[in-house]
Amino acid sequence: MKPLYERLLLYIRSQERVFCDETPLPRLDPGRGRTRICQLWAQAVDDRPWQGPARPAVGYVFAEGRDTAAIQDQLAGFDGLLQVDGYAAYKALVRRRKRATIRLVFCLSHARRKFVAVFRTTRSEVAREVIGRIGEVYAIEARIRGTTAETRLRVRQDRSRPILEALKVRLMAVRAEISGQSSLAKAIAYTLGHWDGLVAFLEDGRIEVDTNTVERLMRPIGLGRKNALFAGSAAGGRDWAILASLINSARLNGLDPFSYLADVLERIVSGAVKANDLDRLLPWAWKAERDADAGTVRAA
């Protein structure tokens, strides 16, 4: 399955807009008496919210670490918009590029969570106000999901931009009046410090408002980790990444993973599909071929 998995990763990284996230994956570390905390990084694409051309897909990559070097190796050939949380490794990745070919787009949901945490502990009215304003933006997003990029951009310019411009003015005013050590001030500092990336969706109807696309694709990994506890080795972690990538990409394309993988394995092992023709076995291409064959049978 590894060559097919590599074709899947190549497809994802060839897109102009990619989501990225990471989650811990422990592996056995003989001799230390405990597991080593490694990572599964995920890169995903999904243009369905704006009727775009990219097929939905996710690729997981096992890595020993969570540092900049790990993501730098993975995205060495990527150019475009990278939608992420505020983790420092992504910012360092951009700084290390000799040419500015990656633009970071940040997640409004992550900013919102910081104010939710503040409100839960302090009952701050300012935090409540911020949560409400961001909620208005999300209500607008819910109404335009699935429309064209042009429609999304127009509505965002007309309705979301005034909300967020007013929010920025409010945050700057509050920041000037409170202690910089308070939890509210830290939430404001995070939001204003990432502002350009947080509001990038106002300028491009193809951009999502948050990273929920890839975060949802971390849930199956979390469930598997809960059940399996750890990978047995680094090789096991890499195998985990391969199978998780193909299974979850199949699901994204409306396929039954068992039927898909069984047929793919049979065709690879039998030689029916050669190594230079593996793109035929990517989930969306496999589905299109099956649908075409089914249509031919019905016509006959």
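As shown above, the structure is provided for reference.
Q: Describe in detail the nonpolar core, supporting the description with residues and values.
A: Grouped together as the largest cluster of nonpolar side chains are 60 residues, with contacts concentrated most on L4, L40, Y60, L82, Y90 and Y260. Filtering out sequence-adjacent residues up to four positions away, L4 remains in contact with L246, Y260, V264, L278, L281 and L282. Counting 32 residues, the second-largest nonpolar core is a separate cluster that includes I131, L164, L192 and V209.

Q: Give a description of the state of the cysteines that names residues and reports values.
A: Linking two cysteines covalently through their sulfur atoms gives a disulfide. Scanning the model with the defined rule gives zero disulfides in all. In this structure C20 is not part of a disulfide, and its nearest cysteine sulfur, from C107, lies 13 Å away. Its relative accessible area of 1% is what places C20 among the buried residues. Note on C38: no disulfide assigned, nearest cysteine sulfur contributed by C20 at a separation of 17 Å. Residue C38 is classed as buried on the basis of its relative accessible area of 0%.

Q: Provide a residue-level description of the pattern of salt bridges, including the pertinent values.
A: Taken as a whole and judged by the stated rule, the model has 25 salt bridges. Salt-bridge contacts for R17 lead to D47; the nearest nitrogen and oxygen are separated by 3.4 Å. Remark: D47 occurs in the loop between β2 (34-45) and β3 (57-63) and R17 occurs in strand β1 (residues 17-29); sequence separation between them is 30 residues. With respect to class, R17 is no different from D47; both count as buried. The partner of R206 in a salt bridge is D204, and the shortest N-O contact between them spans 2.8 Å. With a relative accessible area of 16%, D204 lands in the buried category. Among the charged side chains, a salt-bridge network with shared partners connects D263, R267, D277, R280, E289 and R290.

Definitions and limits used
Residues numbered from 1 in each chain as written. Predicted model: local features only at pLDDT ≥ 70, side-chain atom pairs only at ≥ 80, totals over all residues. Heavy atoms only, no water. Core = buried A, V, L, I, M, F, W, Y, C linked by side-chain atoms within 4.5 Å. Buried < 20%, exposed > 50% of the residue type's maximum accessible area, 1.4 Å probe, protein only. Contact = heavy atoms within 4.5 Å. Disulfide = S-S within 2.5 Å. Salt bridge = Lys/Arg side-chain N within 4 Å of Asp/Glu carboxyl O. Helix = DSSP H or I, 4+ residues; strand = E, 2+ residues; numbered from the N terminus.

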